[in-house]
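Remarks on the overall topology
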Amino acid sequence: MKTVAQIAAGAVIAPAAAVVVYLHGVWVGHFLDLRATSEFCPAKPLASTPTSTDLLPLRYSCHYADGTTSDLVPAYVNPVVILCLAAGVACMALAVRSARRAGRISPAP
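As a starting point, this report considers the structure included with it. (Residues numbered from 1 in each chain as written. Predicted model: local features only at pLDDT ≥ 70, side-chain atom pairs only at ≥ 80, totals over all residues. Heavy atoms only, no water.)

Comments concerning the pairing of strand β2 (residues 59-64)
Note the threshold: Should DSSP find at least two bridges between two strands, the strands are taken to pair. Working definition: helices are DSSP H or I runs of at least four residues, strands are E runs of at least two. Numbering for both runs from the N terminus.
In the sheet, strand β1 (residues 46-54) pairs with β2 via five bridges, with the strands oriented antiparallel. Note on β2: the bridge partner recorded for S52 is S61. For β2 and strand β3 (residues 69-71), the ladder comprises three bridges, and the chain directions are antiparallel. The residue bridging S61 from the neighbouring strand is D71, located in β3. Here β2 hands over to β3 after four residues, with G67 in that stretch at a positive phi of 95°.

Set out below in structure tokens:
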């Protein structure tokens, strides 16, 4: 029973960590910034459409007049979110398997 509880805790903690990292990416990536775009994309003159956003995967890009772009969300955010979610799914599958082997969950009819 102790092993099942530990694995089930991992199934809760891993997605919670994914949410924390995602919110960190939102904060650091200037999604909530009310300043003018030119203040957090100051490298070059901006294009006519200065920014683009995606929520999955988390991306906030500055588009410059010379055709280049820069992403404001750190590169580690999306891989860490995906790894945490995958770990949560794996922990849930292992918890169900361990509970079935211990006889705590009966198989479906």
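Quick word on helix α1 (residues 2-28)
What counts, and what does not: Multiplying 1.5 Å by the residue count of a helix minus one yields the expected span of that helix. Residue contacts are counted whenever heavy atoms from the two residues lie within 4.5 Å of one another.
Over its 27 residues, α1 runs 38 Å from end to end, which matches the ideal 39 Å to within 8%, given 1.5 Å per residue. Next to the buried residues of α1 lie α3 (77-101). Count one or two residues on from α1 and you reach H30, which has phi positive near 65°.

Things to note about the state of the cysteines
Two cysteines form a disulfide when their sulfur atoms are joined by a covalent bond. The condition is simple: To count as a disulfide, a pair of cysteine sulfur atoms needs to be within 2.5 Å.
Tallying each qualifying case throughout the model produces one disulfide. At a sulfur-sulfur separation of 1.6 Å, the disulfide partner of C41 is C62. Linking C41 and C62, the disulfide has an S-S dihedral of approximately -40° and is accordingly described as left-handed. Separated by 21 residues along the polypeptide, C41 in the loop between α2 (37-40) and β1 and C62 in strand β2 bring together distant segments of the chain.

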